[in-house]
Amino acid sequence: EIYFIVRADSPMNQVHDIRDSRINVGAMRSGTAMSATTLYRLMFERSIVDDKLSFHNNEDALVKLTGDRSIDVAVVVAGQPAKLLADMKPEARALIKLLKFDAEHPTSKATLKTYFQSTVRASSYPSLLSEDVPGIAVKAYLVTYDYGRTGTQARLGQFAKSLCNNFSTLQSEGHPKWKEVSLAMPQLGQGWSYYGPTARELGRCTALKSTATTAKACTTEQKILGLCE
């Protein structure tokens, strides 16, 4: 999820209201900075001007947003629930708010060719939100170079197999975002393709899990006869 955070008393309520604001986009060369500046350019067909752009970390940005008010918007990119927001106390509602993403606004149309609509759930941030907020998210792709080398093919095939074998552990013990993850391979955008060695492993994994899900439970008699385990 991409969060646009402003002061609670800010006149801004929608993401498209950030035009010409003083915006903090996270650390230089970070994924947050890349996403924030790309989104701005897609929405307004120009870049954020240098004198309104800053690169503070998330914590410092919130201090500047609510303290000396030297910035108007802090952009945070983090899987939901983001610890930074989840750990806030109820008093935070008097200091900050999240901007809503209006998918029907003209400036939003171009962004949805690259980014995706999402919902920031109140259950993720009960101290900050009283209702769900429409948002926008970025998907991450794991890519590789030297993909034609035998060693690379073997290692990435092993990675996909390990992901399959440990997927249930990741969902039960990992970051809550894992609960939203599926090992299915949805259609990719134009110009993208799945890597053969990993696609084969993930396809096999999905088939095995589907079989396991649909298999009937063994009866005691079947177990005794060795018909199933």
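Remember, it's a predicted structure, so these values are computed and weren't measured experimentally.

**Some points on the overall build of the chain**
So, point 1. Check the secondary structure of the chain and you find seven helices and seven strands.
So, point 2. Secondary structure elements of the chain occur, N-terminal to C-terminal, as β-β-α-β-α-β-α-β-α-β-β-α-α-α.
So, point 3. Compactness check: the chain gives a C-alpha radius of gyration of 22 Å against a globular reference of 17 Å for 229 residues, more than 25% above the reference.
So, point 4. Counting only C-alpha atoms and orienting by the principal axes, one finds that the chain spans roughly 75 × 45 × 30 Å.
So, point 5. For the chain, buried positions account for 33% of its 229 residues.
So, point 6. Within the chain, counting contacts between residues at least 6 apart in sequence, those at least 24 apart form 68% of the total.
So, point 7. As displayed, the chain has an accessible area near 14300 Å², and 54% of this comes from carbon and sulfur atoms.
So, point 8. For the chain, the centre of its 28 positive side-chain charges and the centre of its 23 negative side-chain charges are spaced 5 Å apart.

**Here's the deal with helix α1 (residues 31-44)**
So, point 1. For α1, which comprises 14 residues, the first-to-last C-alpha distance of 20 Å matches the rise-based estimate of 20 Å (1.5 Å per residue) to within 8%.
So, point 2. At its buried positions, α1 is contacted by β1 (2-7), β2 (23-24), β4 (73-77), α4 (106-109) and β7 (133-137).
So, point 3. Directly after α1, the chain includes E45, whose backbone phi takes a positive value near 60 degrees.

**Quick word on the state of the cysteines**
Cysteine pairs can be covalently joined through their sulfur atoms, and such a bond is termed a disulfide.
So, point 1. The final tally for this structure, using the stated rule, is one disulfide.
So, point 2. Bridging C164 to C205, the disulfide has an S-S length of 2.1 Å. Judged by the sign of its S-S torsion, about 90 degrees, the bond between C164 and C205 is right-handed. Placement of C164 in helix α5 (residues 150-173) and of C205 in helix α6 (residues 196-214) is noted, with a sequence separation of 41 residues between them.

**Thoughts on α5**
So, point 1. With 24 residues, α5 extends 33 Å from end C-alpha to end C-alpha; this agrees with the ideal 34 Å at 1.5 Å per step.
So, point 2. N166 marks the point of greatest bend in α5, at about 55 degrees.

**So, the packing of aromatic side chains**
So, point 1. Counted according to the given criterion, the structure contains three aromatic pairs.
So, point 2. The interplanar angle of 80 degrees and the centroid separation of 5.9 Å between the aromatic rings of Y3 and Y125 together place this pair among those described as edge-to-face. Of this pair, Y3 sits in strand β1 while Y125 sits in the loop between β6 (116-120) and β7, placing them 122 residues apart in sequence. The same class applies to Y3 as to Y125, namely buried.
So, point 3. Measuring from centroid to centroid gives 6.2 Å for F167 and W178, while their planes differ by 80 degrees, and the two rings are edge-to-face. Of this pair, F167 sits in helix α5 while W178 sits in the loop between α5 and α6; the two residues are 11 residues apart in sequence, bridging distant segments of the chain.
So, point 4. Relative accessible area serves as the criterion here: at 7%, F167 is assigned to the buried category.
So, point 5. Seen from the ring of F116, K139 lies directly overhead, with NZ or CZ sitting 4.3 Å from the centre.

**What to know about the pattern of salt bridges**
So, point 1. This model, assessed by the stated rule, comprises 12 salt bridges.
So, point 2. Here K109 ties to E104 by a salt bridge, and the two come within 3.4 Å at their closest N and O atoms.
So, point 3. E104 sits in the exposed class, given a relative accessible area of 60%.
So, point 4. Look at the salt bridges and you will find they share partners, linking E1, R121, K177 and E180 into a network.

Rules used throughout
- Residues numbered from 1 in each chain as written.
- Predicted model: local features only at pLDDT ≥ 70, side-chain atom pairs only at ≥ 80, totals over all residues.
- Heavy atoms only, no water.
- Helix = DSSP H or I, 4+ residues; strand = E, 2+ residues; numbered from the N terminus.
- Rg over C-alpha atoms; globule rule 2.2 N^0.38 Å.
- Buried < 20%, exposed > 50% of the residue type's maximum accessible area, 1.4 Å probe, protein only.
- Contact = heavy atoms within 4.5 Å.
- Areas by Shrake-Rupley, 256 points an atom, 1.4 Å probe, with all protein chains shown as cover.
- Lys, Arg positive; Asp, Glu negative; His and termini not counted.
- Charge placed at Lys NZ, Arg CZ, Asp CG, Glu CD.
- Expected span 1.5 Å × (residues − 1).
- Disulfide = S-S within 2.5 Å.
- Bend = angle between axes of the 7 residues up to and from the residue.
- Phe/Tyr/Trp six-rings, centres within 6.5 Å; stacked < 30°, edge-to-face > 60°.
- Lys NZ or Arg CZ within 6 Å of the ring centre and 35° of its normal.
- Salt bridge = Lys/Arg side-chain N within 4 Å of Asp/Glu carboxyl O.

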